[in-house]
Amino acid sequence: MALKPTALTMEEAASIPLVGLTTWQALIEKGQLRKGQQVLVHAGSGGVGTVAIQLAKHVGATVATTTSARNIALVKRLGADIVIDYTKDDFAAILKDYDVVLDTQGGNALEKSLRVLKPGGKLIGIAGLIDAGAIRPVIDRVFPFASTKEALAYLETGRAKGKVVIRIR
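This structure is a prediction, so every number in the text was calculated from the model and none was measured.

A. Region of the structure containing the packing of aromatic side chains. One pass over the structure, following the stated rule, counts 1 aromatic pair. When the ring of Phe143 is compared with that of Tyr154, the centres are 6.1 Å apart and the planes differ by 50°; the resulting orientation is tilted. Here Phe143 is found in strand β6 (residues 139-144), whereas its partner Tyr154 is found in helix α7 (residues 148-156), with 11 residues between them in sequence. Accessibility expressed as a relative area gives 7% for Phe143, which makes it buried. Relative accessible area serves as the criterion here: at 18%, Tyr154 is assigned to the buried category. It is Arg141 that lies over the ring of Tyr154; its NZ or CZ is 4.7 Å from the centre.

B. Examining the side chain of Thr67 more closely. Tracing the backbone through its elements, the reader meets Thr67 in strand β2 (residues 62-67). In this structure the side chain of Thr67 is engaged in a polar contact, spanning 3.2 Å, whose partner is the side chain of Ser45. When neighbours within four sequence positions are excluded, Thr67 is seen to be in contact with Ser45, Ile72, Val75, Val83, Ile84, Asp85 and Tyr86.

C. A look at the packing of helix α2 (residues 17-30) against helix α3 (residues 47-59). One way to put it is that α2 packs onto α3 with a least axis distance of 9 Å and a crossing angle of 50°. Judged by the inter-axis angle, α2 sits oblique to α3. As α2 packs across α3, the resulting crossing turns out to be right-handed. Residues Val19, Gly20, Thr22, Thr23, Trp24, Leu27 and Ile28 of α2 pack against Gly47, Val48, Val51, Ala52, Leu55, Ala56 and Val59 of α3.

D. Spatial organisation of the side chain of Ser113. Relative to the elements of secondary structure, Ser113 occurs in helix α6 (residues 107-113). Once residues within four sequence positions are removed from consideration, Ser113 is found in contact with His42, Phe91, Val101 and Leu123.

E. Local environment of the environment of Arg77. Following the sequence through the fold, Arg77 ends up in helix α4 (residues 72-78). For Arg77, a relative accessible area of 63% translates into the label exposed. Sequence separation of Arg77 and Gly36 is 41 residues, and the distance between their C-alpha atoms is 20 Å.

F. The arrangement of the nonpolar core in detail. Leu27, Leu33, Val39, Ala56 and Leu102 are the most contacted members of the largest nonpolar core, which has 20 residues in total. It is α3 that provides the largest number of residues to this core, a total of 6 residues. Residues contacting Ala56, with those up to four places away along its chain left out, are Leu27, Leu33, Val39, Ala61 and Val63. The next biggest cluster of nonpolar side chains, apart from the first, holds 10 residues, and it includes Leu40, Ala64, Tyr98 and Leu117.

G. Representation of the pairing of β2 in the model. For β2, the tally of buried residues reaches 5 of 6 residues, placing the bulk of the element in the interior. With 4 bridges joining them, strand β1 (residues 38-41) and β2 adopt parallel strand pairing. Among the inter-strand pairings, Leu40 is bridged to a residue of β2, identified as Ala64. In this fold, the crossover linking β1 to β2 by way of α3 has right-handed handedness. Sheet topology note: the β2/strand β3 (residues 82-85) ladder contains 4 bridges and is parallel. The residue bridging Thr66 from the neighbouring strand is Ile84, located in β3. Note that the unit made of β2, α4 and β3 has a crossover that is right-handed.

H. Geometry of the pairing of β1. Across 3 bridges, β1 lies against strand β4 (residues 98-103) in parallel orientation. Of the residues in β4, the one forming a bridge with Val39 is Val100.

The rules behind the values
Residues numbered from 1 in each chain as written. Predicted model: local features only at pLDDT ≥ 70, side-chain atom pairs only at ≥ 80, totals over all residues. Heavy atoms only, no water. Phe/Tyr/Trp six-rings, centres within 6.5 Å; stacked < 30°, edge-to-face > 60°. Helix = DSSP H or I, 4+ residues; strand = E, 2+ residues; numbered from the N terminus. Buried < 20%, exposed > 50% of the residue type's maximum accessible area, 1.4 Å probe, protein only. Lys NZ or Arg CZ within 6 Å of the ring centre and 35° of its normal. Polar contact = N/O pair within 3.5 Å; in protein donor to acceptor, adjacent residues only side chain to side chain. Contact = heavy atoms within 4.5 Å. Axes fitted to C-alpha atoms, helices over the stretch in contact; angles between N-to-C directions. Parallel < 35°, antiparallel > 145°, perpendicular 65-115°, else oblique. Left-handed = near helix turned anticlockwise from the far one by under 90°. Core = buried A, V, L, I, M, F, W, Y, C linked by side-chain atoms within 4.5 Å. Pairing = 2+ DSSP bridges. Right-handed = clockwise from strand over helix to strand, strands pointing away.

Structure representation (structure tokens):
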């Protein structure tokens, strides 16, 4: 069991595990991001992007990100060094010789990201496999919110196959 960090609210702590693990695995384990390197984080104002910017800055990397104009102040506050408004500018025409690209968008962004990498750079894509049908979620049972205790009791039996979901509405 993990303990809630004292500096966070319960809601903040609940928002960390999935994006934190995804970002750590992508940037640190797969990307081997190090101090002094350059990283492009697509969709910097998204769930993964906001954590990725902060982690990359913590490591000591220079961070470029894409976002819309309304989120520029947010990503700068998080530590982004270079912010590209994807609604007006083409990141592939602006950036070059990047060590790591974290792509959360897939499609055209993934293809264009290859152009900003330096030789030997790493492109890490975390989008597209679900849309392509390569990965499908496995849901054992769905419980209404009012039956949360029953859902937890079911999980404790150890018989769930895949995920047990609690429907809020």
